[in-house]
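One-letter residues, chain by chain:
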Amino acid sequence: MALYAELHRHLGGSVVPRVLWRYFQRSESDLVQRFADYEAFEEFYTRPRNTLDEYLELHTLVEKVQTTETLPYFIFRLMRGAYVFENLAYLELRYTPYLRTPEHLSQSERIELMQSIVEVVGKASQVGEYPIVTSQILCMHTRLPYEVNRAIVDLAAQMPQYVCGIDLAGGDNHYGVRMDEYIELYSYARSLGINTTGHLYETPDGCHPELLPYLMRIGHGIQIPLKHPELLAQVAKQGQCLEVCPTTYLKTGTLQNLHQLKVVFDRCFEAGVDIAICTDNAGLHNVRLPFEYETLLTHDIIGFRELQACQEAAFRHAFAWKHQQRPESILSNILRAGQPEQPERLELNVVR
Ligand SMILES: [Zn+2]
């Protein structure tokens, strides 16, 4: 059985349409009335958007229903699906904890509540029956003020038992005016020993070389091989891995067809840059991780050797994976113990 490590999955986009629809029905949400039937909802939920901004709006819909009370409901179904249908041995789940706190509270009250959100997510994702090694990435967000983003970094440092890194989300086309702030936050995170990834070089307007040195992994990064191949040698030297999420680029209008990714893979392999294949928003796309791999293969974008290389790269660059163990052996250990492994914090200097 092939086992997969998933490094880039948003909690907000991880709910498959059927589970979300059933939740709306069970909670007697008004949203049910807006759609004639499930098919109409699925069509709305999974259809391609014209821009990254439009696409990210959908996250807001799900964020609103993911509260302290409902998170265990969604996460249990997520872990079950990831284990049964995706063969995941490892999963990093990312989200912005602040956006799961009640909107009517003050900023300081919401910051205060973030810790309990991380605990709820952490406990809910450790499901004995579905033993996936799992940890969280906390996302700073372009919609949030500096103080909140800084509190997110502090929280990541305070809760290594649940959190393995930080990210920056909200659209890399919006970083420009606040770039100094993001650099300062990432630099602060690195000084605390926190692992870093960040949405960058996803869209043509998201190419910010000044942020690149602070990232251990690059969320998407496809514009580097596409538009700035001169940076590949530096990326390879710094051991940074690209988190490539094929279906996303079609849904956000960033690419018109999957074949455009062939250049991405070819140039990265040639330059020695690792790629982890990920789903980004598996639920929103209704596409699971093994299918992302299979699609690349059937479209002749990669071959079996490259597929295997990407599979191994994902484990190698996982922030909370015990790197001395192979996927098979760690899985059998977990099954023997009957309990999921506790994620461990990795030191920054493990990056090659
Ligand atoms: Zn993402």
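These figures come from a predicted structure and were not determined experimentally. (Residues numbered from 1 in each chain as written. Predicted model: local features only at pLDDT ≥ 70, side-chain atom pairs only at ≥ 80, totals over all residues. Heavy atoms only, no water.)

Participant: What should I look at first to understand the sheet that holds strand β1 (residues 4–10) in this one?
Facilitator: Pairing between the strands of a sheet is mediated by backbone hydrogen bonds and can be parallel or antiparallel. Strand order in this open sheet of four strands is β1-β2-β3-β4, and the pairing throughout is parallel. Among the strands making up the open sheet, the edge pair consists of β1 and β4 (163–169). Taking each pair of neighbouring strands and ignoring which way they run, the sheet shows an average axis angle of 25°. Relative to β4, strand β3 (residues 133–141) runs parallel, the two being bridged by six bridges. (Pairing = 2+ DSSP bridges. Helix = DSSP H or I, 4+ residues; strand = E, 2+ residues; numbered from the N terminus. Axes fitted to C-alpha atoms, helices over the stretch in contact; angles between N-to-C directions.)

Participant: Honestly, the nonpolar core in this entry has me stumped. Any pointers?
Facilitator: Soluble globular proteins tend to bury their nonpolar side chains together. Grouped together as the largest cluster of nonpolar side chains are 95 residues, with contacts concentrated most on Y90, L211, V244, L261, F265, I275 and I277. The biggest single contributor to this core is helix α7 (residues 179–191), with seven residues. Not counting residues within four places of it along the chain, the set of residues in contact with I277 comprises V244, P246, F265, L289, E292, Y293, L296, I302 and C310. The next biggest cluster of nonpolar side chains, apart from the first, holds 22 residues, and it includes V16, W21, V32 and F44. (Core = buried A, V, L, I, M, F, W, Y, C linked by side-chain atoms within 4.5 Å. Buried < 20%, exposed > 50% of the residue type's maximum accessible area, 1.4 Å probe, protein only. Contact = heavy atoms within 4.5 Å.)

Participant: Would you explain helix α4 (residues 71–84) in this entry?
Facilitator: Three or four residues apart is the spacing at which side chains of an α-helix point the same way, because the helix has 3.6 residues per turn. For α4, which comprises 14 residues, the first-to-last C-alpha distance of 20 Å matches the rise-based estimate of 20 Å (1.5 Å per residue) to within 8%. Along α4, the positions that sit buried rather than exposed are L71, Y73, F74, I75, L78, M79, G81 and A82. (Expected span 1.5 Å × (residues − 1).)

Participant: When you look at the pattern of salt bridges in this model, what are you seeing that I'm missing?
Facilitator: Opposite charge on two side chains makes pairing possible when the charged atoms of those side chains draw close. Applying the stated criterion to the full structure yields 11 salt bridges. One salt bridge in this structure joins R9 and E86, with 2.8 Å as the shortest N-O distance. Taken together, the residues span a long stretch of sequence, with R9 in strand β1 and E86 in the loop between α4 and β2 (88–95) at a distance of 77 residues. Residue classification places R9 among the buried residues on the basis of a relative accessible area of 1%. Between R217 and E243 there is a salt bridge, with the nearest N and O atoms lying 2.7 Å from each other. With a gap of 26 residues between them, R217 in strand β6 (residues 217–220) and E243 in strand β7 (residues 241–244) connect regions that are remote in the sequence. For the pair R217 and E243, one class covers both residues: buried. Salt bridges linked by common partners bring E92, R94, D167, R217 and E243 together as one network. (Salt bridge = Lys/Arg side-chain N within 4 Å of Asp/Glu carboxyl O.)

Participant: It is not clear to me how the environment of F265 should be interpreted in this structure. Could you clarify?
Facilitator: You can see F265 is positioned in helix α11 (residues 261–271). Through-space distance from the C-alpha of F265 to that of T60 is 32 Å; in sequence the pair is 205 residues apart. The contacts of F265, once residues within four sequence positions are left out, are V244, I275, I277, L296, I301, I302 and C310.

Participant: Help me out: how do you make sense of the side chain of S135 in this one?
Facilitator: Note that S135 resides in strand β3. What makes S135 buried here is its relative accessible area of 1%. Here Y162 takes part through its backbone oxygen, which lies 3.3 Å from a polar atom of the side chain of S135. (Polar contact = N/O pair within 3.5 Å; in protein donor to acceptor, adjacent residues only side chain to side chain.)

Participant: What's the story with the coordination of the zinc ion in this structure? I'm lost.
Facilitator: Each donor-metal-donor angle would ideally measure 109.5 degrees in four-coordinate tetrahedral geometry, or 90 or 180 degrees in six-coordinate octahedral geometry. Distances from the zinc ion to its protein donors, namely H8 (NE2), H10 (NE2), H199 (NE2) and D280 (OD), fall within the range 2.1 to 2.3 Å. Seen from the zinc ion, its four donor atoms lie at angles of 82 to 171°, and the figure they make is irregular. Counting along the primary sequence, the residues that act as donors to the zinc ion give the motif H-x1-H-x188-H-x80-D. Linking H8 in strand β1 with D280 in the loop between β8 (275–277) and α12 (282–285), this pair joins segments that are 272 residues apart in sequence. An identical accessibility class is assigned to H8 and D280; each is buried. (Donors = N, O, S within 2.8 Å, 3.2 Å for Na, K, Ca; no water. Tetrahedral: all angles 85-135°; square planar, octahedral: opposite > 155°, others 65-115°.)

Participant: Looking at this structure, how should I read the packing of aromatic side chains?
Facilitator: Two descriptors summarise a pair of aromatic rings, namely the distance from one centre to the other and the angle between the planes of the rings. Summed over the entire model, instances satisfying the criterion amount to 18 aromatic pairs. Here the aromatic rings of W21 and F35 are separated by 6.4 Å at their centres, their planes lie at 75°, and the arrangement is edge-to-face. Within this pair, whereas W21 is found in helix α1 (residues 17–26), its partner F35 is found in the loop between α1 and α2 (38–46), the two being separated by 14 residues in sequence. W21 gets classed as buried once you look at its relative accessible area, which sits at 7%. Of the aromatic side chains, those joined through ring pairs into one cluster are W21, Y23, F24, F35, Y38, F41, F44, Y45, Y73 and F74. Above the ring of Y38, the side-chain terminus of R18 is found at 3.7 Å from the ring centroid. Above the plane of the ring of Y188 lies R150, whose end atom (NZ or CZ) is 3.8 Å from the centre. (Phe/Tyr/Trp six-rings, centres within 6.5 Å; stacked < 30°, edge-to-face > 60°. Lys NZ or Arg CZ within 6 Å of the ring centre and 35° of its normal.)

Participant: Looking at this model, I keep getting lost on unusual backbone geometry. Mind explaining?
Facilitator: Leaving glycine out, the prevailing phi sign among residues is negative, and the prevailing peptide bond configuration is trans. The backbone phi angle of N87 is positive, close to 55°, even though this residue is not glycine. Here N87 is to be found in the loop between α4 and β2. The residue Y201 is not glycine, and still its phi comes out positive at about 55°. Residue placement: Y201 occurs in the loop between β5 (197–200) and β6.

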